[in-house]
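# Examining the three-dimensional arrangement
Listed below, chain by chain, are the residues.
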Amino acid sequence: MSILINKDTRLIVQGITGRDGGFHATKMKEYGTNVVGGTSPGKYGEKVSGIPVFNTVHDAVNATNANTSVIFVPAPFAKDAMMEAADAGIKLIICITEGVPTLDVVEAYRYIKLKGANLIGPNCPGLISPNQSMVGIMPTMIFKEGRTGVISRSGTLTYEVVYNLTENGMGQSTAVGVGGDPIVGLYYEELLELFENDPDTDSIALIGEIGGDAEERAAEFIKKHVTKPVAVFIAGQQAPPGKQMGHAGAIISSGSGTAAEKIAAFEAVGVPVANEPSEIPQLLKKQLLNR
Amino acid sequence: MKIHEYQARDLFASYGIPVEKSILCRDVNDAVKAFQELDAPMVVVKAQVHTGGRGKAGGVKLATNEIDVRKHAANILGLDIKGFIVDRILVSRAVDIESEFYVSYVIDRKSKSTILMLSREGGVDIEDVAHTTPEKIHKIVIDPLIGVPDYLARQAAFKLFDDIKQVRAAASILQKLYKLFVETDASLAEINPLVLTPDKEVKAIDAKMTFDDNALYRHPKIAALFEPTEEEKKEQKAKSKGFSYVHLGGEIGCMVNGAGLAMATMDMIKLYGGNPSNFLDIGGSSNPTKVIEAMKLLLSDKDVKVVLINIFGGITRCDDVARGLLDAFEQIKTNIPIVIRLTGTNEKEGRELLKGTHFHVAETMGEAGRMAVELVK
């Protein structure tokens, strides 16, 4: 089992005829993701790696019964793409695009919620349930099927942690990159709840970073609602205040959002925080043995 | 992106938000002329810098005559406020104040929306209010699909005023400010303070706005107001090459693919007793051209004594990354020791390729951090 995506995922790729969309659609299909179609206005009838292209998401859903969509369109068009997917009845929308204006995300997110759908991203690497489905741009070869859930605000740092997990014999149920922007869709609390309720997840790795107070809220949530072992890594202890560290959301503003506050919040509720990403497997194993 | 108060005031005025008449000045004589032109019993001389705390730093002074205007202008121009040197001052009509309020729209991560923040505690540092008496700040989540309709603006204005005339005036300001916020893709639009004058007028006497960098492409007029500091110029130059760069000042230069991993690398260096010189994310992939550009950037910082390259090879395999690095360093001649740590797909093959070269090859992030710190000594 897994969360959010599995063998039943029927994926369409919005922006499939673009360079990134085409490249990653092919990669996802090769991995075994059930990519049922793609969209690109005016390109109906074309094929990308054997995947049929439609003019609209509505057409794609009607023809393929897709339930999930991944977005690769350029930032100025991402809001429209997210709303189009929600309007067409897609229930899980993953936006990979980086640099989407924040107010566009605010508006699209509200609309997606009204339509009863969920959003992951923008500015995220997507998610993977190893051996079942990968939606996004993740390097599939480092993942292994298993029982650890992974939640992260970052891309390559997630891979670093996953690589360490896999090397230590700890496979993953699902790994989700939630995205590095200030406003993104599904976040720690929703995903912690999904992992807590997933019978095939035994432990959870959470990778946070500076900016905002989502980690503090996650710590509170874990205290109240999560019984499974959790281990955390927080990036950005050396980040200076007021500077955006690559991710639009990674910024310490008015002295809040620091790594130290976040680490303290987890430690206060008994969740171990790794000094280095490579410590995560041991921190989880120790807790699993003591259960 | 930040702008100056006078620029935010212009935006306020163009949206019909009442602000006092003011004139921007670059020298003392300008300030005196402005005082004469404003023909007001009292003016306020305000430093225009991209930082808060101007009042405490002596950057805001009242004057009722030419001598004082001249004196304050001379003192404020050239003042260093948190590292920003004042090169412009705003001379504005000063109003009598009966009471002060706080109003702002800001992006709120928790509600994933814009929120309106209001308080009867205006004119002070709002973060202090939030800290000591959070109950005095009202927060209203704005639904982006309906914005701020009349009823909501009134409801909000009643949090600040009791008299219906004042409520109506404030409600109109709240609606205009929201319109400005949305139409310019702001991340903050703040009036602190919004004041009530003795003759019961509601006015903005300060203006602060910051904007979403990701949306500047559709606001060329606002983008044109960007005034980068020396550091920001370097960051901008890096950005135009597809990098995210932040200067920190230590002696170990870092080159990493991915923002999260780049932050973790800085932390690692500190953990092992060194000081990272920078944050540098060269993006998801790593080709030789990018590596060369990144090295040029790092080596332009004369404090850098060691460079640590930490690359996660995902879709691009480590052996390909290693070949790229070897290519790149054939073209860059440098005596600075380079520590390379490759991880991910085909990492052993990648490390094998780098063996016997002048690179210091580490297996783990920890080892790379230790090696880099050791090499500085």
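Residues numbered from 1 in each chain as written. Chains lettered and ligands numbered in written order. Predicted model: local features only at pLDDT ≥ 70, side-chain atom pairs only at ≥ 80, totals over all residues.

### Section: the domain arrangement of chain A
Residue and element names in this part refer to chain A. Segmentation of chain A into domains returns domain 1 (11-120) and domain 2 (139-289). Taking only C-alpha atoms into account, the centre of domain 1 sits 27 Å from that of domain 2. Facing the eight residues of domain 1 at the interface are eight residues of domain 2. Contributions of two or more residues to the side of domain 1 that touches domain 2 are made by α4 (102-114) and β7 (118-120). Top element by residues in the side of domain 1 that touches domain 2 is α4. It accounts for four residues. In terms of residue class, the side of domain 1 that touches domain 2 is made up of six nonpolar, two polar and no charged. (Domains from an automatic or database assignment. Contact = placed C-beta atoms within 7 Å. Helix = DSSP H or I, 4+ residues; strand = E, 2+ residues; numbered from the N terminus. Nonpolar A, V, L, I, M, F, W, Y, C, P; charged D, E, K, R; others polar.)

### Looking at the nonpolar core
Counting residues in hydrophobic clusters, the biggest one holds 153 residues, and the most contacted among them are I71(A), M82(A), I93(A) and L280(B). No other element matches the eight residues that helix α9 (residues 259-271) of chain B contributes to this core. Once residues within four sequence positions are removed from consideration, M82(A) is found in contact with I71(A), I93(A), C95(A), A108(A), I112(A) and L119(A). Counting residues in hydrophobic clusters, the runner-up holds 42 residues, among them M1(B), A8(B), L116(B) and I205(B). (Core = buried A, V, L, I, M, F, W, Y, C linked by C-beta atoms within 7 Å. Buried ≥ 20, exposed ≤ 12 C-beta atoms within 10 Å, placed from the backbone.)

### Considerations on helix α10 (residues 288-299) of chain B
Residue and element names in this part refer to chain B. In a regular helix each residue adds 1.5 Å, so 12 residues correspond to 16 Å; α10 covers 16 Å between its end C-alpha atoms and thus fits that length. Where α10 is concerned, the buried positions are V291, A294, M295, L297 and L298. Within α10, the buried residues cover an arc of 160° as seen down the axis, which keeps them to one side. Summarising the contacts, the buried residues of α10 are in contact with α8 (230-240), β13 (244-247), β14 (252-256), β15 (278-281), β16 (306-313) and α11 (318-331). (Expected span 1.5 Å × (residues − 1). Arc of directions from axis to C-beta.)

### Section: unusual backbone geometry
Note that the residue after G121(A), namely P122(A), is joined by a cis bond; omega there is 10°. Examined against the element boundaries, P122(A) turns out to sit in the loop between β7 and β8 (126-129). The backbone phi angle of K112(B) is positive, close to 50°, even though this residue is not glycine. One can find K112(B) in the loop between β7 (99-108) and β8 (113-119). Looking at K112(B), the number of C-beta atoms within 10 Å reads 21, which means it is buried.

### Comments concerning helix α3 (residues 78-87) of chain A
All names here are of chain A. In terms of burial, α3 is a largely internal element, eight of the 10 residues being buried. Every buried residue of α3 is accounted for by A78, K79, A81, M82, M83, E84, A85 and A86. Two residues or fewer past α3, G89 is found with a positive phi of approximately 95°.

### Describing the sheet that holds strand β4 (residues 51-54) of chain A
Residue and element names in this part refer to chain A. One open sheet accounts for seven strands, arranged β3-β4-β2-β1-β5-β6-β7; its pairing is mixed. A single partner strand is all that each edge strand has here, and the edge strands are β3 (47-48) and β7. By the bridge criterion, two bridges tie strand β2 (residues 35-39) to β4 in an arrangement that is parallel. By the bridge assignment for β4, T39 is matched with F54. Sitting on the sheet, helix α2 (residues 57-64) is in contact with β1 (11-14), β2, β4 and β5 (68-71), with an inclination near 160° to β2. (Pairing = 2+ DSSP bridges. Axes fitted to C-alpha atoms, helices over the stretch in contact; angles between N-to-C directions.)

### Looking at the sheet that holds strand β13 (residues 230-235) of chain A
Residues and elements named next belong to chain A. Spatially, six strands are ordered β9-β8-β11-β10-β12-β13 in an open sheet, and the strand pairing comes out mixed. This sheet does not close on itself; its edge strands, each paired only once, are β9 (133-136) and β13. The sheet shows a mean angle of 15° between the axes of neighbouring strands, direction not considered. Alignment of strand β10 (residues 145-152) against strand β11 (residues 172-177), held across five bridges, turns out to be parallel. Along β11, the bridge assignment pairs E145 with Q172. Contacting β10, β12 (203-209) and β13, helix α9 (residues 280-289) crosses the sheet at an angle of about 145° to β12.

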